[in-house]
Amino acid sequence: MVRLYLFAEGQTEQTFASIILQPYLAQHQVFMHHPRLIAHGRKKGKTNRGGSGYGDYQPMKDDILRSLTGDKNTDAFFTTMIDLYAIHHNFPGLDEAEIMRQNPIKRVEFLEKSFADDIDDRRFVPYIQLHEYEAYLFSDPTCFESFYDKCSDKVEELKRIADKYETPELINDSKETAPSKRIIAQFPDYKGAKSTYGPLLAESIGLEVIRNKCPHFNSWLSRLESLGK
């Protein structure tokens, strides 16, 4: 049995981890504490959490290091759910990884290793989402039919997008074409409800389907499972 602390980029990831990952990992003897939003800055002595994209890397690093120091037990592990999309400008290895931009999987793996090296604790298991949370929802766009009426044409458009890529994780990451932007183009109200709808849509798809469609996510989850063995 091991304990796991998860640092989430935003409320969508936080809820996803709570309602889907936490009970699943418990079956593998990995017991997750309530997922917490990652720090992205401090103002007037107060730590600001969540919405870390485009921000400064240092508050995130300090937050993780404080937690590692606060629980030094060998059965305590720490992980992240942060986006590659809009990653911090001073994230470790970011400049070196620029030459890998045409190979997103290689790039994200390099950044995760740079992240792990910078934190420098074997109990830290970094995970960077390719390219953001909404990629998971392209694993089966029919999930939107459970939440929206008369949307078959919009779902078909999301399917056409997904079919262009080997995996939803490779859907590109520009400001106009990131996974979330493509979803919002079809379902504008998703923008204001993503922290609620996002996890519920993923739940309706099912964890196994997402794992089968998203190999980078699957590798991370497999690694977390192995902690309990």
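What you see is a predicted model, and the numbers here were worked out from it, not measured in a lab.

Caption draft 1: Representation of the overall build of the protein. Scanning the protein from N- to C-terminus turns up 9 helices and 8 strands. For the protein, the proportion of its 229 residues judged to be buried stands at 53%. For the protein, the accessible area works out to roughly 10800 Å², and carbon and sulfur atoms hold 48% of it. Between the centroid of the 30 positive side chains of the protein and the centroid of its 34 negative side chains there is a distance of 5 Å.

Caption draft 2: How the structure looks around the nonpolar core. Grouped together as the largest cluster of nonpolar side chains are 44 residues, with contacts concentrated most on Phe16, Leu21, Leu137, Phe144, Phe187, Phe217 and Trp220. Elements supplying a minimum of two residues to this core: strand E1 (2–8), helix H1 (11–26), strand E2 (30–32), strand E6 (76–83), helix H5 (152–163), helix H7 (190–205), helix H8 (207–213) and helix H9 (215–226). Examining the composition of this core, we find that 6 residues originate from one element, H1, more than from any other. Core analysis: the second largest hydrophobic core is formed by 22 residues, Tyr5, Phe7, Phe78 and Leu94 among them.

Caption draft 3: Region of interest: the environment of tyrosine 24. Note that tyrosine 24 resides in helix H1. Measuring from C-alpha to C-alpha, the distance between tyrosine 24 and serine 219 comes to 15 Å, with 195 residues separating the pair along the chain. Discounting chain neighbours no more than four positions away, the residues touching tyrosine 24 are Leu207, Glu208, Arg211, Leu221 and Glu225. Only 3.3 Å separates the side chain of tyrosine 24 from the side chain of histidine 28, close enough to count as a polar contact.

Conventions and cut-offs
- Residues numbered from 1 in each chain as written.
- Predicted model: local features only at pLDDT ≥ 70, side-chain atom pairs only at ≥ 80, totals over all residues.
- Heavy atoms only, no water.
- Helix = DSSP H or I, 4+ residues; strand = E, 2+ residues; numbered from the N terminus.
- Buried < 20%, exposed > 50% of the residue type's maximum accessible area, 1.4 Å probe, protein only.
- Areas by Shrake-Rupley, 256 points an atom, 1.4 Å probe, with all protein chains shown as cover.
- Lys, Arg positive; Asp, Glu negative; His and termini not counted.
- Charge placed at Lys NZ, Arg CZ, Asp CG, Glu CD.
- Core = buried A, V, L, I, M, F, W, Y, C linked by side-chain atoms within 4.5 Å.
- Contact = heavy atoms within 4.5 Å.
- Polar contact = N/O pair within 3.5 Å; in protein donor to acceptor, adjacent residues only side chain to side chain.

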